[in-house]
Amino acid sequence: MKLDSKIPAGPIEKKWDSHRFNMKLVNPANKRKYSIIVIGTGLAGASAAASLGELGYNVLTFSYHESPRRAHSIAAQGGINAPKNYANDGDSIWRLFYDTVKGGDYRAREANVYRLAQVSGSIIDQCVAQGVPFARDYAGYLDNRSFGGAQVSRTFYARGQTGQQLLLGAYSALSRQINAGTVKFFPRREMLEVVLVDGQARGVVCRDLVTGKIETYAANAVVLATGGYANTFYLSTMAKASNATAIWRAYKKGAAFANPCFTQIHPTCIPQGGDYQSKLTLMSESLRNDGRIWVPKKKGDTRRADQIPEEERDYYLERLYPSFGNLVPRDVASRRAKEMCDKGYGVGPTSLAVYLDFAESIKRLGRHVIEERYGNLFDMYHEITAEDPYKGPMRIYPAVHYTMGGLWVDYNLMSTIPGLFVLGEANFSDHGANRLGASALMQGLADGYFVIPYTMGDYLASTKFKPVKVDDAPFIEAQGGIEGLIKKLMSINGKKTVEEFHRELGKIMWDNVGMGRNRAGLEKALKEIPRLRAEFWQNVKLVGVSNDMNAELERAGRVADFLELGELLAFDALHREESCGGHFREEHHTEEGEAQRNDKKFSYVAAWEFTGVGKKPILNKEPLKFEYVKPSQRSYK
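The residue numbers shown here count from 1 along each chain, following its written sequence. The predicted origin of the model limits local features to residues at a pLDDT of at least 70 and limits the giving and counting of side-chain atom pairs to 80 or more, whereas totals for whole chains, interfaces and linings rest on all residues. In computing side-chain values, all of the structure's heavy atoms are included and hydrogens and water are not.

Undergrad: How should I be thinking about the nonpolar core in this particular structure?
TA: The nonpolar side chains of soluble globular proteins are, as a tendency, buried together. By convention a nonpolar core is built from buried Ala, Val, Leu, Ile, Met, Phe, Trp, Tyr and Cys residues, the set being connected through side-chain atoms within 4.5 Å. Residue burial is assigned from relative accessible area. The probe radius is 1.4 Å, only protein chains are included, and a residue is buried under 20% of its type maximum, exposed over 50%, and partly exposed in between. Counting residues in each nonpolar core, the largest one holds 186 residues, and the members touching the most others are I80 and L224. Working definition: helices are DSSP H or I runs of at least four residues, strands are E runs of at least two. Numbering for both runs from the N terminus. At 12 residues, helix 15 (residues 551–575) tops the list of elements feeding residues into this core. Delimitation of the domains relies on an automatic or database domain assignment. Two domains each provide a minimum of three residues to this core, namely domain 1 (1–262 + 404–628) and domain 2 (268–398). Throughout, a contact is declared for two residues whenever any of their heavy atoms are within 4.5 Å. The residues touching I80, leaving out its near neighbours within four places in the chain, are I123, I124, F134, R154, T155, F156, T162, L166, A438, L441, M442 and L445. A305, I308, V347 and A353 belong to the second largest nonpolar core, which has seven residues in total.

Printed below as a string of structure tokens:
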């Protein structure tokens, strides 16, 4: 497999502008001759479909929800980054670029990251024009707050529901195009296969989740904007329906999967309450602006927080990282919280939690200010825990949240399959080994609004297409393969539910491929996952029928993919003999316990090529070159 990143020549600040000028264009009158399939209607998918429809292409967009408004993008709470420098505190495109490359522990492409920073300011203008109700200061200007990994205030926000408000803006743009007829929306469809014709992505196979009917659709190109794969770990902050099926089926058709081990642990989640839980809940990173993280200085201290005097509290992030304090990047904050709990300083019933305390901020600013900034988040915490965070500190603990890995894409966001584009969290391109907070919304909208409209046109104008129909052999063959897979799942009639298998996979992943990874644990996971996968195909039990609504069948297909993806994730983590960002190999750390990279051996993108289920994948390497932000040991002290 040849990896051609297609990074333009020239100075980094001019790459995107010169590239746009040199790309081929599709005549406005010819755009309606092309059809484009967009899978997923979150921020990346909705913005891409709306933008491509506005340009005049025929767009077919698919969602497994009944409405695009239910996409998991709504769960992003804290904000979206852009270097507008409204706070006049020294921000710039260059500083956002620098912070993102450094925050990703020097495992991202410089060119992609600079473009992301470059177009991010336009995102804010676009969303304001759509009516997104960003917070404003006393003078009426857009307000900003800080997030981890930055010493400036560049995060635009709408209380604690930024993702929801941004999605409503993208949804309104998408709805306009649906009404205009340029976009056809197919609700309650799940993509199960990408169809290749002469090596090009020319269509998809979907299942109607209401009727159970298997359907095929043809187009000139396919866009995947289907989010990440954190639910491989079972317990995560992602919605229960979030899955990896679209990108995993594309991987099995020839799309390279890049850096699968780069998963992010979020430090600010409500701790697990018991084995009955099926997901975890995120408390926005924005809370770390005004909340102080601490643990008792005495091990095993079971006193209530209000009974522990100030001098007996360890504000360990402020102590260890005086320059950044509670706003260190997520990977750093997560590891330190785990370290404190592992040493016996944890709090709460399970001792797997630390405190996030707002007493000082409420005293300094007044309760009304905290309510204005975080009121809905405080209400959510109270509903889940029955504890009032205005009167006592929140309890938080790290949890699987986001995936920086994904399908490999070039500078144009196209995978190794011609005509298959991948946007947002589904690709690997911008965050390296650790995503800075408030950058997920930024990347999703940058890809959809300001990148794919240009790069898609260049691909269509540069490619010869032969006519294809859904009754051509490649479509019939792909549909037959999916029907056979469903028939096989329904015929097993074992004794264990899909949920039991998923929960068992999650335990294997968290125990061995979670926050702390080591060779023994990874090798153990690589033995246990194939065993569990073999049992799944012999002993899973599905109820209902396939030609009707069947949520268990949906979940079975997704868990079958997780059982394969989990193995690749562990395999990638074992091969990467270094610590970087969210990938922490316990054998590789500094004397102070920080992640220690090995730039001589691992300064590359690991792009894996499928060779068969249970077979060793082929490693392809894209070398990473740093001309502008020279790699160094990360320090937030």
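Undergrad: Please clarify how the domain arrangement of the protein chain should be interpreted in this entry.
TA: In many reports, interface size means the accessible area that the parts give up when they come together. Under the domain assignment, the protein chain is made up of domain 1 (1–262 + 404–628) and domain 2 (268–398). Measuring from the centre of the C-alpha atoms in domain 1 to the corresponding centre in domain 2 gives 30 Å. Across the contact, 36 residues belong to domain 1 and 37 residues belong to domain 2. Here the buried area means the combined drop in accessible surface, using a 1.4 Å probe, for two parts upon being joined, counting both sides. Between domain 1 and domain 2 lies a buried interface of about 2800 Å² when both sides are counted; carbon and sulfur atoms form 51% of it. On the domain 1 side of the contact with domain 2, Q77, L235 and M515 bury the most area, a combined 22% of that side's loss. Any carboxyl oxygen of Asp or Glu within 4 Å of a side-chain nitrogen of Lys or Arg constitutes a salt bridge here. The tally of links from domain 1 across to domain 2 stands at one salt bridge. The partner of E594 in a salt bridge is R336, and the shortest N-O contact between them spans 3.1 Å. Whenever a nitrogen or oxygen atom comes within 3.5 Å of another N or O atom, the pair is scored as a polar contact, on the condition that within protein one atom can donate a hydrogen and the other can accept it, and that pairs from neighbouring residues in sequence are kept only if both atoms are in side chains. At the junction of domain 1 with domain 2, the criterion picks out 19 residue pairs in polar contact (both at pLDDT 80 or more). Gly falls in the polar group here, along with every residue not listed as nonpolar (Ala, Val, Leu, Ile, Met, Phe, Trp, Tyr, Cys, Pro) or charged (Asp, Glu, Lys, Arg). A per-class count over the side of domain 1 that touches domain 2 returns 13 nonpolar, 15 polar and eight charged.

Undergrad: I'm lost on helix 1 (residues 15–22) in this one. Help?
TA: Every α-helical turn comprises 3.6 residues, leaving residues that sit three or four positions apart pointing alike. Among the residues making up helix 1, those that are buried are K15, W16 and H19. Buried residues of helix 1, viewed axially, fall in a sector of 90 degrees; they line one side. Packing partners of the buried residues in helix 1 comprise helix 4 (110–130) and helix 11 (440–462). The arc in question is the one traced by the directions running from the helix axis out to the C-beta atoms.

Undergrad: Which parts of the structure should I look at to understand the environment of V195?
TA: For V195, the location among the structural elements is in strand 6 (residues 189–197). On a C-alpha basis, the gap between V195 and S73 in space is 27 Å, while along the polypeptide they are 122 residues apart. If near-sequence neighbours (up to four positions away) are discounted, V195 is found in contact with Q200, A201, R202, G203, V204, V205, K253, P474, F475 and A478.

Undergrad: Please explain the pattern of salt bridges as it appears in this structure.
TA: Pairing between side chains becomes possible if they bear opposite charge and their charged atoms approach one another. For the coordinates displayed, the defined rule picks out 56 salt bridges. Across the pair R288 and E285 runs a salt bridge whose closest N-O atoms are separated by 3.5 Å. By the burial criterion, R288 is buried, and E285 matches it. One salt bridge connects E578 with R576, and the closest N-O pair in it is separated by 2.8 Å. Given a relative accessible area of 0%, R576 falls into the buried group. One connected set of salt bridges, linked through shared partners, spans D105, R107, D331, R335, R576, E578, R597, D599 and R634.

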